[in-house]
Structures are given as structure tokens and as C-alpha cells.
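# Architecture at a glance
For reference, the chains in residue letters:
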Amino acid sequence: MSELDGINQHFEELRKRILRIVLVIGIITAFILSFHAEPIQVGQTTLYYPTPEPLNNIAAQITNHMKINLVPEDVQLIQTAPGQAFFAQVYIAALVGIVVGMPVIIKEMVGFIKPALKENEINVSRSITIPALGLFITGCVFSYNLVIPYILEFLYRYGESAGLVTFLNVIEFVTFVLQFLLAFGFSFQLPLVMYAISASGMVDSDFWRKNIRYAIVAIVIFGAVITPDGSGVTMWFIAAPMIALYVAGMVLIERKERKKLNT
């Protein structure tokens, strides 16, 4: 097999894996946009079952939940053009598709790079698959419950102090929320990325402690880039948890290294 044939084969495999990922996310997205989650009481537990309802769909329910729990008091969530509410629901449904389809995404990504990995790297990639999903969801939940409400309250308090009535476009609101959910979902992967790099033998455990000052600078810059204001305050809602995650990953790697040396 020539080198060109080998490259073409890799591209064909990549195309097939991307197609499977897109197909899974698309199916989940279409389901979220087509069905309504109907509650049913079973004893003391509330369960939900899907019923066909394209207008009052699951994405619309999520949008309403976000409005109730995230939008500050006296801020009006509006749409200023036809279709904005629909596209906002599409964005939300796509995010749910990415989260729910994450096991397939990770499986396909690992499957693609597997031939290039050594045996110990393959074992590492397998061991971090489930924790990666758990950390992604944890990052989204952390952001939704503890970060986004405070950032929105902080930013819109300026309008309240000036006696202004604030109107928040639904597309801008949903984009803002999804931006933070994805940022935290992926940033919570930091300890796993550090562990995978160390476990594969690319760097030793001392690397992370030696370069902690550079990591902090990079994290602060990242926080400043993705936050919407220039106050220098909201970026710490991103940077502080990431610095804590970096330190946690560093400590975990060092303990793992010491445990390995003592056995």
C-alpha cells in the first residue's frame, strides 16, 4: 500500500466516524425538538415519559427552566425577530445531543487514534472514558447552578443601579449560557488530560509543578477571552475553578507516581 493510499484510508475512516457522531447527535437533537417530557408521579418520585409535541418540546421546556432559574429578576427575556425562539431551541437540543452522545463521541475518537497508540496509552484512553463523561456533566452542572446565575446577576445589576429596564434577547441568552456550559464541561477535563499525558509517558510528574506559573497565566487569559465583559471580575468565575482543577490534577499525578514507586 502506497503512502497516499494509507492517507486516503485514514481520511475515509475519519469521515465514517465523524458521520456516526453527527448521526447520533442529529437523532438526539431531532428527538428533543419533537417530543415533550410529560411528568408522571410514581409514589414519591416524579418520572417523565416522552409524548409527540413539536411546539412545546423538551428544548422549550429547558428554555423555560433556564429562564426561571437563570434570568435575573426584572430582566425580560424576549425575541426581536421571528424564529429566534426556534433557533434558540435548536441550540439547546444540539447541546443536549452532544452531552447525551458523549459516550459515542469519545468511543469514536479513541477508536480513530487507537492504531497510533502504544499499549499503555490504549489502556489509559480506556480508563478515562467514563470519568471524562462524568467530569463533563459535572462541569455543566457546576456552571449552571453556581456560575451562570451569579455572572448574570452581577452584569445586570449595573442596569438596575442606573434605573434601566433590561431586555435580554433569547438568542443572546441561550448562546451565553451554552458558551459557559461547554467551557466548563471541557475545562473540567483538565485533570484527566494531565493524567493521560503523564500516564502515557510524555512528561513526568514534576512537569506540572515546574510549569504551574505558566499554566495559571494561560488559564487567566482563557478566562478573560471567553467572558463577555471587561471588568476583570467575571473571568475569575472561569479561572479560579480551572486553577483548582490544575492543582488537583497535579496532586493526583504526584500521589499516583509516589504510590507506583513504593510498590
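In every chain, residue numbers begin from 1 and rise along the written sequence. Side-chain atom pairs in this predicted model are given and counted only at pLDDT of 80 or more, local residue features only at pLDDT of at least 70, and totals for whole chains, interfaces and linings cover all residues. To get the side-chain values, all heavy atoms of the structure are used, and hydrogens and water are removed first.

Quick note on the threshold: UniProt positions are given in the numbering used here, feature names are shortened, and annotations may be inferred rather than shown by experiment.
If you check an unreviewed UniProt entry, the protein appears there as Sec-independent protein translocase protein TatC from Candidatus Nitrosopumilus koreensis AR1. Heading Sequence similarities (unreviewed entry) of the UniProt record for the protein holds this comment: "Belongs to the TatC family."

### Side note on the pattern of salt bridges
Note the threshold: The salt bridge definition used is simple: a Lys or Arg side-chain nitrogen within 4 Å of an Asp or Glu carboxyl oxygen. Numbering of helices and strands starts at the N terminus; helices are DSSP runs of H or I of at least 4 residues and strands are runs of E of at least 2. Classification of residues uses two cut-offs on accessible area relative to the type maximum, computed with a 1.4 Å probe and protein chains only: under 20% is buried, over 50% is exposed, and between them is partly exposed.
Enumeration according to the criterion identifies five salt bridges in this entry. One salt bridge in this structure joins Glu108 and Arg17, with 2.8 Å as the shortest N-O distance. Of this pair, Glu108 sits in helix α4 (residues 102-113) while Arg17 sits in helix α1 (residues 3-34), and the two are 91 residues apart along the sequence. Notably, a salt bridge pairs Glu254 with Arg209, separated by 2.8 Å at the nearest N-O pair. Here Arg209 lies in helix α9 (residues 206-210) and Glu254 lies in helix α11 (residues 235-262), a separation of 45 residues in the sequence. Relative accessible area serves as the criterion here: at 11%, Glu254 is assigned to the buried category. When its relative accessible area of 46% is taken as the criterion, Arg209 is described as partly exposed. Members of the salt-bridge network, linked through shared partners, are Glu13, Arg17, Arg20 and Glu108.

### Side note on the packing of aromatic side chains
What counts here: The criterion for an aromatic pair is that two Phe, Tyr or Trp rings (for Trp, the six-membered ring) have centres within 6.5 Å, with stacked assigned to planes under 30 degrees apart, edge-to-face to planes over 60 apart and tilted to the rest.
Scanning the entire structure with this criterion turns up nine aromatic pairs. Measuring from ring centre to ring centre gives 5.8 Å for Phe142 and Phe184, while their planes differ by 45°; the resulting arrangement is tilted. Within this pair, whereas Phe142 is found in helix α6 (residues 129-161), its partner Phe184 is found in helix α7 (residues 170-187), the two being separated by 42 residues in sequence. Phe142 sits in the partly exposed class, given a relative accessible area of 27%. Its relative accessible area of 1% is what places Phe184 among the buried residues. With 5.7 Å between their ring centres and 40° between their planes, Phe142 and Phe188 make a pair best called tilted. Residue Phe142 is found in helix α6, and its partner Phe188 is found in the loop between α7 and α8 (190-199); the two are separated by 46 residues along the sequence. Clustering of aromatic rings is evident, with ring pairs tying together Phe142, Phe184 and Phe188.

### Focus: the UniProt feature "transmembrane region" (unreviewed entry) in the protein
Residues given the UniProt feature "transmembrane region" (unreviewed entry) here are residues 18-37, 86-106, 127-152, 164-190, 211-227 and 233-253. Its end C-alpha atoms 29 Å apart, residues 18-37 is made of 85% helix and 15% strand. A helix fraction of 95% and a strand fraction of 0% characterise residues 86-106, whose end C-alpha atoms lie 29 Å from each other.

### Describing the confidence of the model for the protein
What counts here: Values of pLDDT, the confidence the predictor places in each residue, fall between 0 and 100.
For the protein, per-residue confidence averages 82 on the pLDDT scale, and 89% of positions sit at 70 or higher. Averaged pLDDT values for the elements of the protein fall to 59 in helix α5 (residues 119-127) and rise to 91 in helix α2 (residues 58-70).

### A short note on the environment of Ala85
Structurally, Ala85 can be placed in helix α3 (residues 84-100). Expressed as a C-alpha distance, the spacing of Ala85 and Ala60, which sit 25 residues apart in the sequence, is 8.5 Å.

### Considerations on a nonpolar patch on the surface
This is how the line gets drawn: Residues enter patches when they are more than 30% accessible in relative terms and free of salt bridges; like-charged ones are connected within 9 Å and nonpolar ones (Val, Leu, Ile, Met, Phe, Trp, Tyr) within 5 Å. Per-residue accessibility takes into account occlusion by the displayed protein chains alone, with areas from the Shrake-Rupley method and a 1.4 Å probe.
A contiguous nonpolar surface patch, about 340 Å² in accessible area, is contributed by Ile40, Val42, Leu47 and Tyr49. Only β1 (35-42) and β2 (45-52) provide two or more residues apiece to the nonpolar patch. Structurally, the position occupied by Tyr49 is in strand β2. The class of Tyr49 is partly exposed, set by a relative accessible area of 38%.

### With respect to the nonpolar core
One recurring pattern in soluble globular proteins is that nonpolar side chains are buried together. The following threshold applies: We call a set of buried residues a nonpolar core when its members are Ala, Val, Leu, Ile, Met, Phe, Trp, Tyr or Cys and they connect through side-chain atoms within 4.5 Å of each other. By definition in these notes, contact holds between two residues if any of their heavy atoms fall within 4.5 Å.
Of all hydrophobic cores here, the largest spans 54 residues; its most connected members are Leu70, Ile148, Phe173, Val177, Phe180 and Leu181. Looking at this core element by element, the count peaks at 11 residues for α7. With residues near it in sequence (within four places) discarded, Ile148 still touches Leu70, Ser143, Phe176, Val177, Phe180 and Leu181. Within the second largest apolar cluster, seven residues are counted, among which are Ile28, Ala37, Ala59 and Ala93.

### Some words on the environment of Arg20
Relative to the elements of secondary structure, Arg20 occurs in helix α1. Remark: the alpha-carbon pair of Arg20 and Ile105, spanning 85 residues in sequence, is separated by 8.7 Å.

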